Amino acid sequence: LSDSLAEFTTIFGLFLAALVGMIGSGGAALGHQWGWAAGLLAFGCANSVLLQNYSRLHLPHVRRRLEQRLKELSQQKDALLK
């Protein structure tokens, strides 16, 4: 349960940061604050790239899940070979 919650909060945080960056960029551009617009757009793009590549990130809870799955598969292989 804690791994699921950690994964949800990470994904939601990346999504929220990407959304705020994109919307904030539009707002800053409307206010003719081009430096802020560029910075917020870059922030939003960076977070959207992290969100798209989330499955490839090596986060602790993702690693634990992969190690657990690998252990299960190894046990299944051993059971089949007996």
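Conventions we followed
Sequence order as written defines the numbering, with residues in each chain counted from 1. The predicted origin of the model limits local features to residues at a pLDDT of at least 70 and limits the giving and counting of side-chain atom pairs to 80 or more, whereas totals for whole chains, interfaces and linings rest on all residues. With hydrogens and water stripped out, all remaining heavy atoms of the structure feed into the side-chain values. Salt bridges, as used here, are contacts in which a Lys or Arg side-chain nitrogen is within 4 Å of a carboxyl oxygen on Asp or Glu. Counting from the N terminus, the helices are the DSSP runs of H or I reaching at least four residues and the strands are the DSSP runs of E reaching at least two. Per-residue accessibility, obtained with a 1.4 Å probe over protein chains only, is compared with the maximum for each type, and a residue is labelled buried under 20%, exposed over 50%, and partly exposed between these values.

1. Topic: the pattern of salt bridges
Part 1 of the argument: If you walk through the whole model with that rule in mind, you get 2 salt bridges.
Part 2 of the argument: Close ionic contact of arginine 65 with glutamate 7 constitutes a salt bridge, the shortest N to O distance being 2.4 Å. With arginine 65 in helix α3 (residues 60-81) and glutamate 7 in helix α1 (residues 2-30), this pair connects stretches of sequence that are 58 residues apart.
Part 3 of the argument: With a relative accessible area of 21%, glutamate 7 lands in the partly exposed category.
Part 4 of the argument: Two residues, glutamate 72 and arginine 69, come together in a salt bridge whose shortest N-O distance is 3.4 Å. Of this pair, glutamate 72 and arginine 69 both sit in helix α3, 3 residues apart, which is roughly one turn of the helix.
Part 5 of the argument: Judged by relative accessible area, which is 43%, arginine 69 ranks as partly exposed.

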